[in-house]
Amino acid sequence: MMTVKLQIVIAAAILVVFAVLINMIRRKSLELKYALSWMLVLTALFVFACAPWLLNVVSEFLGIYAPVNMIFFLGFCFSLLIIFTLTVALSRLSNSVRTLDQIVALNEKKLEELEQALEEEKAKNQNHIADNEQE
Amino acid sequence: MKKIVIIPAYNESGSLLQAVKDIEEHAPGFDYLVVNDCSTDGTLELCRKEKLNYVNLSVNLGIGGAVQTGYLYAYQNGYDVAVQFDGDGQHDARYLEQMAEELERTSSDMVIGSRFIEKEGFQSSGLRRVGIRYFSLLIRLLTGKRVTDPTSGMRMVNRDVMGIYAESYPKDYPEPESVVAILRLGKKVTEVPVVMRERQGGVSSIHGFKTIYYMIKVTLAICMERLRG
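Summary of the structure given here. As the structure is a computational prediction, the values presented were derived from the model and not from experiment. (Residues numbered from 1 in each chain as written. Chains lettered and ligands numbered in written order. Predicted model: local features only at pLDDT ≥ 70, side-chain atom pairs only at ≥ 80, totals over all residues.)

**Overview of the overall build of chain B**
Looking only at helices and strands, chain B has eight helices and seven strands in total. Radius of gyration (C-alpha) of chain B: 16 Å, near the 17 Å computed for a compact globule of 229 residues. On the principal axes, the C-alpha backbone points of chain B span a range of 50 × 40 × 35 Å. Counting every position in chain B, which comprises 229 residues, the buried fraction comes to 47%. (Helix = DSSP H or I, 4+ residues; strand = E, 2+ residues; numbered from the N terminus. Rg over C-alpha atoms; globule rule 2.2 N^0.38 Å. Buried ≥ 20, exposed ≤ 12 C-beta atoms within 10 Å, placed from the backbone.)

**Points about the overall build of chain A**
Secondary structure summary: chain A contains four helices and zero strands in total. In chain A, the succession of helices and strands from N to C terminus is α-α-α-α. Each of the three principal axes of chain A carries a C-alpha extent, and together these read 105 × 30 × 15 Å. Counting all 135 residues of chain A, 5% fall into the buried class. Counted over contacts in chain A with a minimum sequence separation of 6, partners at least 24 positions apart contribute 47%. (Contact = placed C-beta atoms within 7 Å.)

**Things to note about the pairing of strand β6 (residues 155–158) of chain B**
All names here are of chain B. The alternating pattern of β6 places Arg155 and Val157 and Met156 and Asn158 on opposite faces, both of which are buried. Of the strand pairs in this sheet, strand β4 (residues 81–84) and β6 are connected by three bridges, and their pairing is antiparallel. Residue pairing for β6: Val83 is matched across the bridge by Met156. Pairing of strand β5 (residues 110–114) with β6, which is carried by three bridges, proceeds in the antiparallel orientation. Of the residues in β6, the one forming a bridge with Ile112 is Arg155. (Pairing = 2+ DSSP bridges.)

**Details of the environment of Glu50 of chain B**
Residue and element names in this part refer to chain B. As for its position among the elements, Glu50 is in the loop between α2 (43–49) and β3 (54–56). You can call Glu50 partly exposed: it has 13 C-beta atoms within 10 Å. Each C-alpha atom of the pair Glu50 and Gly163 lies 30 Å from the other, and the pair is 113 residues apart in sequence.

**Quick word on the environment of Met1 of chain B**
Residue and element names in this part refer to chain B. Mapped onto the elements, Met1 comes out in the segment before β1 (3–9). Note: C-alpha distance between Met1 and Ser178 (177 residues apart in sequence) is 24 Å. Not counting the four nearest positions on each side in its chain, Met1 is found in contact with Asp80 and Val81.

**Section: the sheet that holds β3 of chain B**
Residue and element names in this part refer to chain B. Taken in spatial order, the seven strands make up an open sheet running β3-β2-β1-β4-β6-β5-β7, and their pairing is mixed. Of all the strands in the sheet, just β3 and β7 (189–193) have a single pairing partner and so form its edges. With direction set aside, neighbouring strand axes in the sheet form an average angle of 20°. The strands touched by helix α1 (residues 16–26) are β1 and β2 (30–36); relative to β2, the strand with the most contacts, the crossing angle is about 165°. Contacts from helix α6 (residues 159–167) reach β4, β5 and β6 within the one sheet, and its direction differs from that of β6 by about 100°. (Axes fitted to C-alpha atoms, helices over the stretch in contact; angles between N-to-C directions.)

**Describing the interface of chain B and chain A**
With twelve residues of chain B at the interface, the matching set in chain A holds nine residues. Elements supplying a minimum of two residues to the side of chain B that touches chain A: β3 and α3 (62–76) of chain B. The greatest single-element share of the side of chain B that touches chain A, amounting to six residues, is contributed by α3 of chain B. In terms of residue class, the side of chain B that touches chain A is made up of six nonpolar, six polar and no charged. (Nonpolar A, V, L, I, M, F, W, Y, C, P; charged D, E, K, R; others polar.)

**Focus: the packing of helix α7 (residues 175–184) of chain B against helix α8 (residues 209–228) of chain B**
Residue and element names in this part refer to chain B. Direction vectors running N to C along α7 and α8 enclose 10°, while the axes themselves pass 9 Å from each other. As far as their axial angle goes, α8 and α7 are roughly parallel. Taken together, the residues of α8 that come into contact with α7 (itself represented by Pro176, Glu177, Val180, Ala181 and Arg184) are Val218, Ala221, Ile222, Glu225, Arg226 and Arg228. (Parallel < 35°, antiparallel > 145°, perpendicular 65-115°, else oblique.)

**Thoughts on the nonpolar core**
Residue and element names in this part refer to chain B. Ranked by size, the top nonpolar core spans 67 residues in total, and within it Val5, Ile6, Ile7, Leu33 and Ala82 carry the most contacts. Ranked by residue count, the leading element in this core is α3, at seven residues. Setting aside anything within four residues of it in sequence, one finds Ile6 in contact with Leu33, Val35, Val67, Gly70, Tyr71, Ala74, Ala82, Val83, Gln84 and Phe85. (Core = buried A, V, L, I, M, F, W, Y, C linked by C-beta atoms within 7 Å.)

**Some details on the packing of helix α5 (residues 126–143) of chain B against α7 of chain B**
Two numbers describe a pair of packed helices, the interaxial angle and the distance between the axes. Residue and element names in this part refer to chain B. The geometry of α5 relative to α7 is characterised by a closest axis approach of 11 Å and an angle of 20° between their N-to-C directions. Classified by the angle between their axes, α5 and α7 sit roughly parallel to one another. Handedness of the α5/α7 crossing: right-handed. Contacts between α5 and α7 involve Phe135, Ile139 and Thr143 from the former and Pro176, Val180 and Leu183 from the latter. Its residues placed into classes, the contact of α5 with α7 shows five nonpolar, one polar and no charged. (Left-handed = near helix turned anticlockwise from the far one by under 90°.)

**So, α7 of chain B**
Every α-helix carries 3.6 residues per turn, so stepping three or four residues along brings you back to the same face. All names here are of chain B. With respect to burial, α7 is a largely interior element, eight of its ten residues being buried. All buried positions along α7 are accounted for by Glu175, Pro176, Glu177, Ser178, Val179, Val180, Ala181 and Leu183. Following α7 by one or two positions, Gly186 adopts a phi angle in the positive range, close to 80°.

So, to be careful, I would describe these as geometric facts and stop short of saying anything about function.
This is the structure:
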């Protein structure tokens, strides 16, 4: 089982990671939406670090022989879940980029056409003024 | 009838001008639009210099996104007919008028230029042909419709389908999937025989391991389309 020393080290590490996470959210380099799941897993880890006997209770409840196996298994499931969420987010993002790219391209074209029309109009007006002056 | 040719261009500065000239000469009833898909070979500069009618994508979207930009443009600018046309010299603009006539005559929603009706001209390489046959068979099994050349990039659509494609169009290897998408909606697809040339510039995007990805992806995409119906 875990020694008290190890428990303290793990708990401290988790707290540090938590602080980093919060700081990143504060500086807006991490979206709160995606940070929530990490906060959840950190909280769970913290609880288990403080009360290791809970691991035995949960693994017994799930019918898993060794608590360590349960940690690996749950950790793996959780990672898969996060990766999957990321793929979904990525799909959505690439669709948005596509739409934006297309809108920008079409708008750019419109702008160019307008600029050109404006140029022509200006040139026409100038000619007009020149004509008038000659008269 | 306002008609437009959509030319998706990714690094095709070598053959693009030829394609545009071909259209101006042999399909005078058509406007055209070059969609520069963030080329790295100076296609954009060429478009500017030659004063082509073009739009420029700032992020590379791949063939699906580029073609969709064309449909979006066509739809927004009130075109009645839009046709895809490759800028690499494979397609021949002389067939465009013919395809437009067929579209109107049969009141179809899409007309595909097929290499495999008269079996003339460049027929693609052996293995590729097997792949195309397979897609054709798959489409027939799933929709009951006969499409001899589902991978043809030469396809003309009416305003109705243009709107559908402007809304949603597959990202990569879009041809077979997008045909099934409109078949599912009960649109009418017909084919006319065309002769295609071997590409004059650029290389096929499908080779090596991509072939396997291509086959699996398109098969799944077609099946998914069917599930939506």
